[in-house]
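Report on the structure
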Amino acid sequence: MIQALISKIVILAILGGAQKFLRPSSLLRFSKVIFFISVIGIFALSAYWSFWQYKIWDSSEFTQAFLPPHRGIGYFMSYVFTNFFFNNLIALGMAVLAIIFAGILNKRFEEKFFWPAEPWILGTAVLLIGHPWLWIYFIGFFGTYLLVTIIRSLFGLRDRVSPYYFWIP
């Protein structure tokens, strides 16, 4: 599990650095690639853990009772899905919904809410944070964004605050 956490932190750090230093046109392509690499990486890691779970259970006479021929393969597949894939699938679904919703919202209001790469950055952040932590992420993001907007309005600054640098932290 620690390798997943380290991988996610490294990907988010790379994406945050790219967000800071790349031009917006290059960032759009880069953020799409990072999103798809993240999807492949997360599910490859889940498959890797599933393989090793099978190997661990196969190594002991006691735990071999959970594997075929003592039990159907459905038990093992259910265990693996529940423990390694389910939360990632929920996070992927939420990430895709976030990308679609942000894209629709942006097109509907003539791209005044987000830069072109922002929906992909948001989707990658949601995917890598994962379920159930993504709910805390959304609450933290919108709370921070609201707080910054309120503080700026208290100081008389009326221009819109861009969430561009809020997605990754």
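Definitions and limits used
Residues numbered from 1 in each chain as written. Predicted model: local features only at pLDDT ≥ 70, side-chain atom pairs only at ≥ 80, totals over all residues. Heavy atoms only, no water. Helix = DSSP H or I, 4+ residues; strand = E, 2+ residues; numbered from the N terminus. pLDDT = per-residue confidence, 0-100. 1 Å grid on protein atoms, 1.4 Å probe; cavity = no way out; pocket = protein on both sides within 12 Å on 5 of 7 lines; lining within 4 Å. Points joined across faces, edges and corners; volume = space filled by probe spheres on them. Nonpolar A, V, L, I, M, F, W, Y, C, P; charged D, E, K, R; others polar. Buried < 20%, exposed > 50% of the residue type's maximum accessible area, 1.4 Å probe, protein only. Lys, Arg positive; Asp, Glu negative; His and termini not counted. Salt bridge = Lys/Arg side-chain N within 4 Å of Asp/Glu carboxyl O. Contact = heavy atoms within 4.5 Å. Phe/Tyr/Trp six-rings, centres within 6.5 Å; stacked < 30°, edge-to-face > 60°. Lys NZ or Arg CZ within 6 Å of the ring centre and 35° of its normal. Core = buried A, V, L, I, M, F, W, Y, C linked by side-chain atoms within 4.5 Å. Patch = residues over 30% accessible without salt bridge, like charges linked within 9 Å, V, L, I, M, F, W, Y side chains within 5 Å. Areas by Shrake-Rupley, 256 points an atom, 1.4 Å probe, with all protein chains shown as cover.

The subject of this paragraph is the environment of F114. Residue placement: F114 occurs in the loop between α3 (73–108) and α4 (118–129). With 50 residues separating them in the primary sequence, F114 and Y164 have C-alpha atoms 7.3 Å apart.

Let us now look at the confidence of the model for the chain. Averaged over the chain, the pLDDT score is 87; the fraction of residues at 70 or greater is 99%. Per-element confidence in the chain ranges from a low mean pLDDT of 84 for helix α1 (residues 2–21) to a high of 93 for α3.

Attention now moves to the layout of surface pockets. Taken as a whole, the second largest pocket encloses approximately 310 Å³ of empty space. Sorting the residues of the lining of the second largest pocket by element identifies α3 and α5 (133–154) as the ones contributing at least two each. Broken down by element, the residue count for the lining of the second largest pocket peaks at 6 residues, all from α3. When its residues are assigned to classes, the lining of the second largest pocket shows 16 nonpolar, no polar and 1 charged.

Here K8 lies in helix α1. No salt bridge forms around the buried K8; measuring N to O, its nearest opposite-charge neighbour E118 is 22 Å away. Setting aside anything within four residues of it in sequence, one finds K8 in contact with I42 and L128.

A separate point is the packing of aromatic side chains. Evaluation of the coordinates by the stated rule reveals 20 aromatic pairs. Pairing F43 with F85 gives two aromatic rings, centres 6.2 Å apart and planes at 15°, and the pair type is stacked. Linking F43 in helix α2 (residues 24–58) with F85 in helix α3, this pair joins segments that are 42 residues apart in sequence. With respect to class, F43 is no different from F85; both count as buried. Among the aromatic side chains, those forming a connected cluster through ring pairs are Y54, W57, F62, F66, Y75, F76 and Y79. Between R71 and the ring centre of Y75, over which it is positioned, the NZ or CZ distance is 4.4 Å.

F35, L122, V126 and L127 are the most contacted members of the largest nonpolar core, which totals 42 residues. A total of 11 residues in this core trace back to one element, the largest contributor, which is α3. Once residues within four sequence positions are removed from consideration, F35 is found in contact with L92, A95, V96, I99, W120, G123, T124 and L127.

A few words on a nonpolar patch on the surface. The grouping of L146, L147, I150, I151, L154, F155 and L157 at the surface amounts to a nonpolar patch, some 740 Å² of accessible area in total. You can see L154 is positioned in helix α5. Residue classification places L154 among the exposed residues on the basis of a relative accessible area of 68%.

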